[in-house]
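Here is how the chains run, residue by residue.
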Amino acid sequence: MIFLSILILIVAIALPSINQNIRSILYVRISSIIFIYAGALAFNAFYIQSIGSGIGVYSGLFQVTTISQLLDVFILLIGSLILISWPSKYISSMPGGTNNKLTDKIPYAGEYSLIVLFSTLGASLLVSSADLISMYLSIELQSFGVYILSTLYRDSESATSAGLKYFLLGSLSSCIILLGCGLVYTYSGLTNLESIYNLISVSENTQILQGLSLGIVLIIVGYLFKISAAPLHNWAPDVYDDSPTIVTIWLTIMPKISILIFLLEIQSQIGNSLITIFSFSIKNLLLISSLLSLLIGTIVGLSQTRIKRLLAYSTISHIGFILLALAINTEQAIDSFLFYIIQYSITNLNTFLILIALSYILKNNSQSILESFMPSGRGDIKYITELKGLFFNNPLLSLSLTICLFSMAGIPPLLGFFSKQFVLYSAMQSEYYFMGIIAILVSVISASYYLKIIKILHTENNSAGQIEDTKDNLSLSSLHSFMISTLTLFILLFILKPSILLNSTQLLALSLFYY
């Protein structure tokens, strides 16, 4: 479905007779509808009893499981929501209204949607990959889409710099993954992951097991690099900060979901292996990365003054919690792992949607608002201090952002509190007391930089009256407002009906251990 849509959009963009008569924003809307329709098709094929432990397709290159199918639906849904946040008719006070040419031809809208489709196709394939070849091709398809996306605003020096840094370091991580795949193939002569797992379980040759262990560890290291887990995180704050917010929202969420689910597949097959060298090396690698991510993401984040760099370090800290649950690898830990991924995606999506909305509200003229999506990117919110006094001018958006930040900090009874509680509870149940104590301490410390943003939001600004004079002339689209309000209410009122999401993640976790 997505592949056919990509071909059709390429033809539509390439033909001048079609492209000139289609508003650029329509490409984004069409891509969003494609995601929704593809997600509906994937959900329609979701039959737990028929899928069972997995259905191999394309000669075993991909294996459709209950987890891969449901997370594929989730990826497509999140991708659709991100595309909907692209600007359209947000500016009610512009001369010419909805017929204004600037709003009809926002730069790179068609290219943005096309690259997003490519990246999402790679993510969808990676979730179901069951072979080293399909795994590497899928991660490269996703990664190259993200590299191009980060340099989409090619007239912006900062975006070009961010994209180049991302490309060089991402290529290094791809080389590490490819080296690991080469070692695994050298010592096993196999590329099918299930066959490799079976070889590990029956082999008694120490040299072969050591070679396979080294290869799989290198593959995991390469993937940890791509999800910006410490100590391989240095690229993330620079790339997130220099990219336009409309691009950062994609970089922060989408590449991580598919990679984490693929790591889950590896860990579930090998983590409980009776071969000590495998279970020991992989578990310790994940625990070390989790510990460093928790410490670095929290401590370094305290000194940040730029909003997107702070959120980048916040992401690194969240990755630490996710890796901790993955390393424990029990039924309860995998349940908390899946729940944390869903919570992380929803909360970060809502936070960046609010930041994009604030970039409209905080600018005093319509041209500045459009600059948020022009190559210069001057309309983006860069510094935390730009949010000063916003509560007195736009209390609803301020309260929504406050709820998201409290949820990230783990304040009860918000959604983020339950995700951290489940991870910490599974750590204590499995006797990972040191990691549990560290996670509790960093949660308390990280709350301080979330509270710093909230304090600035609710600190009165002497120049607030200037914004007050123009705020009535500026409005968000009803769809953007509806998305923010829906996600905020879900984060706030999750405690009233938690069983739907909790039961789903619990069933998915059980499917890994009993099929």
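In this text, all values refer to a predicted model and were calculated from it rather than measured experimentally.

**Structural notes on the packing of helix H15 (residues 307-328) against helix H20 (residues 433-457)**
1) Next: Taken N-terminus to C-terminus, the directions of H15 and H20 make an angle of 160°; their axes are 11 Å apart at the nearest point. Classified by the angle between their axes, H15 and H20 sit roughly antiparallel to one another. Helix-helix and strand crossings are classified by hand; for H15 and H20 the assignment is left-handed. Contacts between H15 and H20 involve Ile307, Leu310, Tyr313, Ser314, Ser317, His318, Phe321 and Leu324 on the former and, on the latter, Met435, Ala439, Ser443, Tyr449, Tyr450, Lys452 and Ile453.
2) Next: The residue inventory of the contact of H15 with H20, partitioned by class, reads 10 nonpolar, four polar and one charged.

**Some words on unusual backbone geometry**
1) Next: Residue Pro231 is reached from Ala230 by a cis peptide bond, and omega for that bond is 5°.
2) Next: In this fold, Pro231 is placed in the loop between helix H11 (206-226) and helix H12 (235-242).
3) Next: In this model, Pro412 is joined to Pro413 through a cis peptide bond whose omega is 5°.
4) Next: By the secondary structure assignment, Pro413 is in the loop between helix H18 (395-409) and helix H19 (415-429).
5) Next: If you check the backbone angles, Glu431 has positive phi at about 70° while not being a glycine.
6) Next: Within the fold, Glu431 resides in the loop between H19 and H20.

**Let's talk about the pattern of salt bridges**
1) Next: Tallied over the full model, the rule gives three salt bridges.
2) Next: Arg309 is paired through a salt bridge with Asp238; the nearest N and O atoms lie 2.6 Å apart. Pair noted here: Arg309 is in helix H15 and Asp238 is in helix H12, with a separation of 71 residues, a long-range link.
3) Next: Given the relative accessible area of 18%, Arg309 is considered buried.
4) Next: Asp241 is paired through a salt bridge with Arg306; the nearest N and O atoms lie 2.6 Å apart. Here Asp241, found in helix H12, pairs with Arg306, found in the loop between helix H14 (276-299) and H15; they are 65 residues apart in sequence, far enough to count as distant.
5) Next: A relative accessible area of 21% places Arg306 in the partly exposed class.
6) Next: Several salt bridges share partner residues, and in doing so they unite Lys165, Asp238 and Arg309 into one network.

Here is what the cut-offs are and how they apply
- Residues numbered from 1 in each chain as written.
- Predicted model: local features only at pLDDT ≥ 70, side-chain atom pairs only at ≥ 80, totals over all residues.
- Heavy atoms only, no water.
- Axes fitted to C-alpha atoms, helices over the stretch in contact; angles between N-to-C directions.
- Helix = DSSP H or I, 4+ residues; strand = E, 2+ residues; numbered from the N terminus.
- Parallel < 35°, antiparallel > 145°, perpendicular 65-115°, else oblique.
- Left-handed = near helix turned anticlockwise from the far one by under 90°.
- Contact = heavy atoms within 4.5 Å.
- Nonpolar A, V, L, I, M, F, W, Y, C, P; charged D, E, K, R; others polar.
- Salt bridge = Lys/Arg side-chain N within 4 Å of Asp/Glu carboxyl O.
- Buried < 20%, exposed > 50% of the residue type's maximum accessible area, 1.4 Å probe, protein only.

Shape is all these values report; function is a separate question.
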